[in-house]
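Understanding the architecture of this molecule
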Amino acid sequence: MSTETHDAVIVGAGFAGVYALHKLRGLGLDTLVIEAADGVGGTWYWNRYPGARCDIQSMEYSYQFSEQLQQEWEWSERYATQPEILRYINAVADRFQLRDGIRFNTRVTAARFNSHEQRWTITSDDGAEVSAQYFIMATGCLSSANMPDIAGIDSFAGESYHTGHWPHQPVDFTGKKVAVIGTGSSGIQCIPLIAEQASELTVFQRTPNYAIPAHNQPLDPQFVASIKNRYAEFREENRHTAFHADFRYGELNAMDVSPEEREAEFEARWEQGGLPFLAGFADLLFDKEANEMAAEFLRRKIRSIVKDPETAETLTPDSIVGCKRLCVDTDYYKTYNKDHVSLVDIRDTPIECITSNGVQTVKQEYQLDCIVFATGFDAMTGSILKVDIQGIDGQRLKDAWAEGPKTYLGLAVSGFPNLFTVTGPGSPSVLTNMMGSIEHHVDWIADCINYVSEQNAKSIQATPAAQESWVTLVNDIANATVYYGCNSWYLGANVPGKPRVFMPYIGFDTYYEQCNQVVANGYQGFSLGT
Ligand code: FAD
Ligand code: N01
């Protein structure tokens, strides 16, 4: 049987894979996307739980590569819902005629670099092998669902769901006794809506989280026009910010202003809503004392919303704000004022096991009809390492990353030529508006492929020295912030046994300049194979 050959194989048809297909086709490359799901959308295909929506404003959480697309698409709300975002990515796939380049219902299981041919052989779960010069992992940072290791988890006789693998048909919780395990962004989004239907809702919380109100609303046509009148310029401005987003970054330090000014800024940010809360002052993510002031403001808010003092205390974090991903909510704290909603602090009363009837803690058994696992993801490396990737001399990526992921620019890995990762570990990715990061990476990869071809080379890879300095830089930047102060998934701390390494590069603006500099210096830190 002859092996199917392509110039490039992309794994994943989320926002990254879909744009990469369009971009590489534009270069004239014969490109194949392989996707495990039966449709495009990635995150927005899989996370169909009630309340799922973006926390970057829709006007920014969208592609910018086509001026016509961004002018013509009409978002309905400040933060679009999952169905609306899924409609959008499907419309993009149709508009740019991309579906015929995507092989759905197929999971890539392995990839091997052949040093002689300088090509990759990619194997999928249907047994097929595909040969490609370029191999691009657009597998997503939050695409490998994390099921907790709780004894008896398979013995539950009722319905159970993971937020990241939600059924395609809406789940009806009406009149049911429901548990939600997990209070990260997914739990915080779905809990208020599940509470509207369930007869009883019990939330099992391990760590309380800070949530800022979304103040979601229909988009004001004047606001939309004000952006569309200067969309390209608006995007360009955001590209030069730390989060690649229009957060109105405060230039003053919280420590340098009066208590009254500080309070007024926090209050204004709370009223504005969403993630820009943390951009209110320049030192909030760098100075623990400044951060504590923001945290204290938020604790007071929680206590003012939640009526039962014991529940309020359980919901009130004592941790650094922003150290775990800040959540954006609609009526989350208020939901605990409902009589049929209760909160169990599993740090005090741990879950012993799951039984056929429900959840058994050290104190009691909770009889349930449904359990919702909002327990997150094996983030950033999970989906990459599920593929058995072997580089030069058969070196396995999982061995190269045994002590934590090591990349150059979050885009390339030494010893793995022509392998690119979109929003890989070591890039700003999850600490940005991901749409901006995705487009930046895909454009950078396309330029790099062009460069290889212009140099009449067959391959390109990061040098070990460049990679080592990059890993050090990513760590040094993180060390100067508050991000090491909690057990976050940024550090891999949510997955037992995962190495504790801070994975994202902090600051899109400086990252962008570094990537440009690498190119200006003739792909500094890379070596070519001819
Ligand atoms: P994904 O959308 O994760 O797509 C990856 C695709 O790869 C998936 O379809 C998967 O099936 C496929 N895949 C993985 N492994 C394989 C394999 N081995 N073989 C074949 N296919 C494979 N970011 C923001 O910036 N703003 C937000 O508001 C925001 N909201 C979010 C809300 C939720 C609920 C979640 C979970 C994440 C959110 N994110 C947000 C992050 C979000 O993941 C990114 O914004 C973006 O959608 C990622 O796109 P992607 O294409 O890189 O990855
Ligand atoms: O996952 P998480 P997520 N027993 O890891 C708990 C994006 N996103 O799906 O904190 C009991 O944040 C865990 O407890 P702890 C966004 O980037 C965005 O909610 O580890 N509990 C935590 O409470 C986000 O950060 C949106 O102690 C267990 C929860 O489960 C990322 O995706 C919406 C447990 C997991 O929280 C992931 O969010 C949704 C166990 N064994 C997602 N294991 C927007 O709003 C874990 N937990 C745009």
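One can find the structure itself at the top, above this paragraph.
Definitions and cut-offs
Residues numbered from 1 in each chain as written. Chains lettered and ligands numbered in written order. Predicted model: local features only at pLDDT ≥ 70, side-chain atom pairs only at ≥ 80, totals over all residues. Heavy atoms only, no water. Helix = DSSP H or I, 4+ residues; strand = E, 2+ residues; numbered from the N terminus. Rg over C-alpha atoms; globule rule 2.2 N^0.38 Å. Buried < 20%, exposed > 50% of the residue type's maximum accessible area, 1.4 Å probe, protein only. Contact = heavy atoms within 4.5 Å. Areas by Shrake-Rupley, 256 points an atom, 1.4 Å probe, with all protein chains shown as cover. Lys, Arg positive; Asp, Glu negative; His and termini not counted. Charge placed at Lys NZ, Arg CZ, Asp CG, Glu CD. 1 Å grid on protein atoms, 1.4 Å probe; cavity = no way out; pocket = protein on both sides within 12 Å on 5 of 7 lines; lining within 4 Å. Points joined across faces, edges and corners; volume = space filled by probe spheres on them. Nonpolar A, V, L, I, M, F, W, Y, C, P; charged D, E, K, R; others polar. Domains from an automatic or database assignment. Phe/Tyr/Trp six-rings, centres within 6.5 Å; stacked < 30°, edge-to-face > 60°. Lys NZ or Arg CZ within 6 Å of the ring centre and 35° of its normal. Disulfide = S-S within 2.5 Å. Axes fitted to C-alpha atoms, helices over the stretch in contact; angles between N-to-C directions. Left-handed = near helix turned anticlockwise from the far one by under 90°. Near = heavy atom within 4 Å. Polar contact = N/O pair within 3.5 Å; in protein donor to acceptor, adjacent residues only side chain to side chain. Salt bridge = Lys/Arg side-chain N within 4 Å of Asp/Glu carboxyl O.

Before going further, it helps to spend a moment on the overall build of the chain. A count of helical and extended segments in the chain gives 16 helices and 20 strands. Its C-alpha atoms give the chain a radius of gyration of 23 Å, near enough to 24 Å, the size a compact globule of 530 residues would have. Looking at the chain residue by residue over its 530 residues, the buried ones come to 58%. Long-range contacts, defined here as pairs at least 24 residues apart, represent 72% of the contacts in the chain between residues at least 6 apart. For the chain, the computed accessible surface area is about 21,600 Å², with 47% contributed by carbon and sulfur atoms. Within the chain, the 67 negative side-chain charges are centred at a point lying 2 Å from the centre of the 41 positive side-chain charges.

All right, on to the layout of surface pockets then. Volume-wise, the second largest pocket comes out at about 640 Å³. In terms of lining residues, the second largest pocket is bounded by 29 residues, among which Ala 242, Phe 243, Tyr 249, Leu 278 and Leu 285 are the most central. In terms of residue class, the lining of the second largest pocket is built from 19 nonpolar, seven polar and three charged. Built from parts of two domains, the lining of the second largest pocket gets at least three residues from each of domain 1 (4-40 + 98-144 + 379-529) and domain 3 (243-321).

What follows is about the packing of aromatic side chains. As enumerated under the stated definition, the model contains 46 aromatic pairs in all. A centroid spacing of 6.2 Å and a plane angle of 50° characterise the contact between Phe 508 and Tyr 511, whose relative ring orientation is tilted. With Phe 508 and Tyr 511 both in helix α16 (residues 508-520) and three residues apart, the pair spans about one turn of that helix. Each member of the pair Phe 508 and Tyr 511 is classed as buried. Taken together, the ring pairs connect Phe 15, Tyr 19, Trp 44, Tyr 61, Tyr 63, Phe 65, Trp 73, Trp 75, Tyr 88 and Phe 96 into an aromatic cluster. The ring of Tyr 45 carries the charged tip of Arg 48 above its face, separated from the ring centre by 4.8 Å.

Residue placement: Ala 290 occurs in helix α9 (residues 288-305). Residue class for Ala 290 comes out buried when judged on its relative accessible area of 0%. Along the primary structure Ala 290 and Val 344 are separated by 54 residues, whereas in three dimensions their C-alpha atoms are 31 Å apart. What Ala 290 contacts, discounting residues up to four positions off in sequence, is Ala 254, Met 255, Asp 283 and Leu 284.

We now examine the state of the cysteines. For the structure on display, the rule yields one disulfide. Free of any disulfide, Cys 353 has its nearest cysteine sulfur in Cys 370, 19 Å distant. The thiol sulfur of Cys 370 is not disulfide-bonded, and the nearest other cysteine sulfur, from Cys 190, lies at 12 Å. The class of Cys 370 is buried, set by a relative accessible area of 0%.

It is worth spelling out the packing of helix α1 (residues 15-26) against helix α14 (residues 434-454) at this point. Viewed as axis vectors pointing N to C, α1 and α14 meet at an angle of 35°, and their least axial separation amounts to 10 Å. Between α1 and α14 the crossing geometry is right-handed. Residue-level inspection shows Phe 15, Ala 16, Tyr 19, Ala 20, Lys 23 and Leu 24 of α1 in contact with α14, the latter providing Met 435, Ile 438, Glu 439, Val 442, Asp 443, Ala 446 and Ile 449. For the contact of α1 with α14, a count of residues per class yields ten nonpolar, no polar and three charged.

This brings us to the site of ligand 1. Close to ligand 1 lie 33 residues; Glu 35, Thr 43, Asp 55, Tyr 61 and Met 434 are nearest. Taking Glu 35, its side chain carries an N or O atom lying 2.7 Å from an oxygen atom of ligand 1. Measuring from an oxygen atom of ligand 1, one finds a side-chain N or O atom of Trp 46 at 3.1 Å. Relative to its unbound accessible area of 980 Å², ligand 1 is 95% covered by the protein chains. Top element by residues in the shell around ligand 1 is helix α2 (residues 43-46). It accounts for three residues. For the shell around ligand 1, the per-class residue count stands at 18 nonpolar, twelve polar and three charged.

With that out of the way, let us pick up the site of ligand 2. In the region of ligand 2, 23 residues are neighbours, and Thr 183, Ser 186, Arg 206, Thr 207 and Lys 324 sit closest. Within the contact set of ligand 2, an oxygen atom lies 2.9 Å away from a backbone nitrogen or oxygen of Thr 183. It is helix α5 (residues 185-197) that provides the largest number of residues to the shell around ligand 2, a total of three residues. For the shell around ligand 2, the residue count by class is nine nonpolar, nine polar and five charged.

Applying the stated rule across the entire model yields 22 salt bridges. Between Lys 334 and Asp 331 there is a salt bridge, with the nearest N and O atoms lying 3.6 Å from each other. If you follow the salt bridges from partner to partner, you end up with Glu 292, Glu 296, Arg 299, Arg 303 and Glu 313 in one network.

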